[in-house]
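# Secondary and tertiary structure notes
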Amino acid sequence: MALAGGVGAATRFVTDAAVARRSRFRVPLGTLVINVTGSFLLGLLTGLFALSSADSSGATLKAVIGTGFCGGFTTFSTASVESVRLWLAEGRATGFGYAATTLVLGVVAAATGIGVGQLLG
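For the structure given in this document, a descriptive report is provided here. (Residues numbered from 1 in each chain as written. Predicted model: local features only at pLDDT ≥ 70, side-chain atom pairs only at ≥ 80, totals over all residues. Heavy atoms only, no water.)

### Description of a nonpolar patch on the surface
So the rule is basically this: Two joining distances apply to patches: 9 Å for like charges and 5 Å for nonpolar side chains (Val, Leu, Ile, Met, Phe, Trp, Tyr), and every residue must have over 30% relative accessible area and no salt bridge. All accessible-area figures derive from a Shrake-Rupley calculation using a 1.4 Å probe, and residue coverage is judged against the displayed protein chains alone. Throughout this description, the term salt bridge denotes a Lys or Arg side-chain nitrogen within 4 Å of a carboxyl oxygen of Asp or Glu. Only runs of H or I of at least four residues qualify as helices and only runs of E of at least two qualify as strands under DSSP, and these elements are numbered from the N terminus. When a residue's accessible area, from a 1.4 Å probe over protein chains only, is under 20% of the maximum for its type it is buried; when over 50% it is exposed; and in between it is partly exposed.
Residues Val84, Trp87, Leu88 and Phe96 make up a contiguous nonpolar surface patch of roughly 480 Å² in combined accessible area. No other element matches helix H4 (residues 76-90), which puts three residues into the nonpolar patch. Looking at the secondary structure, you find Trp87 in helix H4. On the basis of relative accessibility, which here comes to 40%, the residue Trp87 falls in the partly exposed class.

### Quick word on the nonpolar core
Quick reminder of the rule: Only buried residues count toward a nonpolar core, which is a set of Ala, Val, Leu, Ile, Met, Phe, Trp, Tyr and Cys residues joined through side-chain atoms within 4.5 Å. Residue contacts are defined here by distance: any two heavy atoms, one from each residue, within 4.5 Å place the two residues in contact.
Counting five residues, the largest nonpolar core is built from Ala4, Ile34, Phe69, Cys70 and Phe73. Among the elements that line this core, the one with the most residues is helix H3 (residues 56-73), at three residues. Leave out the neighbours within four places in its chain, and Ile34 touches Arg12, Thr15, Asp16, Phe73, Thr74 and Thr75.

### Description of the side chain of Ser83
Our working rule: We call two N or O atoms a polar contact when they sit within 3.5 Å, provided that within protein one can donate a hydrogen and the other can accept it, with sequence-adjacent residues counted only if both atoms are side-chain atoms.
On the secondary structure map, Ser83 appears in helix H4. From its side chain, Ser83 meets the backbone oxygen of Ala79 in a polar contact 2.9 Å long. In this view, Ser83 contacts Gly95, Tyr98 and Ala99; residues no more than four positions away in its chain are not counted.

### Some remarks on the packing of helix H2 (residues 29-50) against H4
The following threshold applies: To obtain an axis, a line is fitted to C-alpha atoms, over the contacting stretch when the element is a helix, and the angle between two such axes runs from 0 to 180 degrees between their N-to-C directions. Crossings are assigned a handedness: left-handed for a near helix turned anticlockwise from the far helix by less than a right angle, right-handed for a clockwise turn. Think of it as three bins: nonpolar holds Ala, Val, Leu, Ile, Met, Phe, Trp, Tyr, Cys and Pro, charged holds Asp, Glu, Lys and Arg, and polar takes everything else, Gly as well.
The interhelical angle for the contact between H2 and H4, taken along N-to-C directions, is 145°, at an axis separation of 10 Å. H2 and H4 meet at a crossing whose hand is left-handed. Between H2 and H4, the contacting residues are Thr31, Asn35 and Ser39 on the first element and Phe76, Thr78, Ala79 and Glu82 on the second. Counted by class, the contact of H2 with H4 contains two nonpolar, four polar and one charged residues.

### Concerning the environment of Val27
Structurally, Val27 can be placed in the loop between helix H1 (2-22) and H2. Taking relative accessible area as the criterion, Val27 reaches 28% and is therefore assigned partly exposed. With near-sequence residues (within four places) excluded, Val27 lies in contact with Leu86, Thr94 and Tyr98.

### Structural notes on the packing of H4 against helix H5 (residues 92-120)
Operational definition: Orientation categories follow fixed angle ranges, with anything under 35 degrees roughly parallel, anything over 145 roughly antiparallel, 65 to 115 roughly perpendicular, and all other angles oblique.
One can describe the packing of H4 onto H5 by two numbers: an axis separation of 6 Å at closest approach and a directional angle of 160°. Relative to H5, the element H4 is oriented roughly antiparallel. In this structure, H4 crosses over H5, and the sense of that crossing is right-handed. Across the interface between the two elements, Phe76, Ala79, Glu82, Ser83, Leu86, Trp87 and Glu90 of H4 pack against Arg92, Thr94, Gly95, Phe96, Tyr98, Ala99 and Thr102 of H5. Across the contact of H4 with H5, the residue classes break down as seven nonpolar, four polar and three charged.

The following block contains the structure:
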């Protein structure tokens, strides 16, 4: 579990740096991409395992990927801090817009992942 969390955190760091290098926006797009992608992955995992039996190997895999990797990869606490930073530096509309966008896209990505996972599972 700890190894998967470390891999997730390292993947987050690399992904955030890659998106930041290419982004021309003043909002932290890397964190948004990471959280939406992580929400989709966790939804996909949930959808894949939703209809399967709860054997120990499936439960272990779900915990390692879901809690370990996705927990290390996603960073909603950073999104919260960035929302407040944007609120203070750029105004309420920008901060609130970033927070709302993160929430809506994350929920849509998770729901989409669940649907895809159920189709594949």
